[in-house]
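Now for the letters of each chain:
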Amino acid sequence: MSQFQAPPLDVSSVLHGGIHHPTLRKWQANGRNLTKSMLIYPIFISDDPDAEQEIATLPGQKRWGINKLEGFLGPLIAKGLKSVILFGVPMQMEKDDRGSAADDPKTPVIQALHLLAKLFPQLMLCVDVCLCEYTSHGHCGILSSLPNPGHSNQPTIEMETSAQRIAEVAIAYAKAGAHCVAPSDMMDGRIRAIKLGLMHAGLANRCALMSYSAKFASGLYGPFRDAAGSAPSFGNRKCYQLPPNARSIARRAIQRDAAEGADILMVKPALPYLDIISDAAQYAPDHPTACYQVSGEYAMVYAGAEKGIYDLKEMAFETTESMVRAGASIILTYFTPQFLDWLDE
Ligand SMILES: [Zn+2]
C-alpha cells in the first residue's frame, strides 16, 4: 500500500507564523489600523430643543435637541470621541424653494455649533451642508423652471445659483464655529464656490472643506431620509448623484474636487464602493480619503445581527476595516459609540 507523502512546504508557503498573536495580526494591517481618531459620528439635530426621539429605521440613533447635547456627547468625549458631523432636522421650520432655513440664525445646526464650540472646545465640529432638509421640493439645489429633457418628472438644477447658495450656507456654518464644512449636495462647482467664499470671509485657514466627492445615487439612504425628513417631493437625485455603475466619473469628481480646493475627499456609501475608496486614495494621494458608512449600511449590519446571521461587533469591525484597507483614513459611522468601547485607542 503506497501512502502519498507530501513534499515539505516551501518556506514561502508558511503564513500562519505571521498571524498567530493578536498584535501580529494588527501588524499585518499595512500600518493602518482602525483607531478612534479616524471616526466621525453623524448626529441629527432637531429644532425641538428638548428632543430625544428614536429613529425607527436607525436602531440606537436619535434626533437630538440642543438642550440634550451636553448629556449625550459628554460621556462619549470622555471615552475618546474626537469628531462629530451635524445634520439639521427642521421639523417645524418653514421650507421654501431656496432652503432659507438652512442658514437662518435659529436653524438647529447653527445653534448646536455655537453651543458645542463652547461646551466642548476640543471636539472637532464638522457640519453637513445641503439644502434638501430645508427646501420645499426636497432637492439638494435650486431648481430651474426649465423641464428636464431626460425625464419629465426630474428636476433641472440651476447650476451657478445652487453652488452660490450652498456656499452661502457653508460660510454661515463656518462663522458659527464649524471646523469643517462638508457639502453633500453634489452640485457642480460648489467646492470652488465654498473655498472662495471661505477665503473672502477670512475663514479659509480656520475651516476645512470635506467634499462628498463621489456620492452615489444609492438605495442605502432610506433610514437617513427618514431621520432627516429630506426625501424629494418629486423625482429622484439621479441627475446630480453618481450612477452606481460608474467608476470613471467618480474618479473625475474626486480629481475635480481636489483641484477646486477640497481638503478631504469622501466616498459615499462605503461598503459597495470599496473600489472607489481605493481610487480616491490612488488618484488623490495627497488628500485624506474619507468614507461614509451610510444609514442603510448600518441598518443592514444591525438587521443581520438581529437575525442571528453574524455577530454585530465582528461585522461592524469587518465592514469598517475593509474601508480602511481600501484606503480610507476617516470613517463616518453610526457605530462610533460602540467603537469607542471596543477600541483601545
Ligand atoms: Zn441633499
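All residue numbers refer to position in the chain's written sequence, counted from 1. Given that the model is predicted, a residue must reach a pLDDT of at least 70 before its local features are reported, and side-chain atom pairs must reach 80 or more before they are shown or counted; all residues, however, enter totals for whole chains, interfaces and linings.

A. A look at the environment of Thr289. Secondary structure elements are defined from DSSP: runs of H or I of at least 4 residues count as helices, runs of E of at least 2 residues count as strands, and each element is numbered from the N terminus. Tracing the backbone shows Thr289 in strand 9 (residues 289-293). Linking Thr289 and Pro121, residues 168 residues apart in sequence, is a C-alpha distance of 25 Å. Any residue pair is listed as a contact if its two C-beta atoms, each placed from the backbone, are within 7 Å. Contacts of Thr289, omitting those with residues within four sequence positions, involve Leu265, Ile277, Ala280, Ala281, Gly327, Ala328 and Ser329.

B. Geometry of the UniProt feature "active site" (unreviewed entry) in the protein. Summarizing the sequence annotation, UniProt attributes the feature "active site" (unreviewed entry) to Lys215 and Lys268 in the numbering used throughout. Sequence-wise these annotated residues cover 54 residues; spatially they are packed, their C-alpha atoms never more than 4.7 Å apart. Considering the arrangement of structural elements, one finds Lys215 in strand 7 (residues 208-215). Counting other C-beta atoms within 10 Å of its own, a residue is labelled buried from 20 upward, exposed at 12 or fewer, and partly exposed in the gap between, with every C-beta atom placed from the backbone. The exposure class of Lys215 is buried, given the 26 C-beta atoms found within 10 Å. Once residues within four sequence positions are removed from consideration, Lys215 is found in contact with Ser184, Met186, Gln241, Leu242 and Lys268. Here Lys268 is to be found in strand 8 (residues 264-268). Every residue in contact with Lys268, bar those within four places of it in the chain, is listed here: Tyr212, Lys215, Phe216, Cys291, Tyr292 and Val294. UniProt positions are given in the numbering used here, feature names are shortened, and annotations may be inferred rather than shown by experiment.

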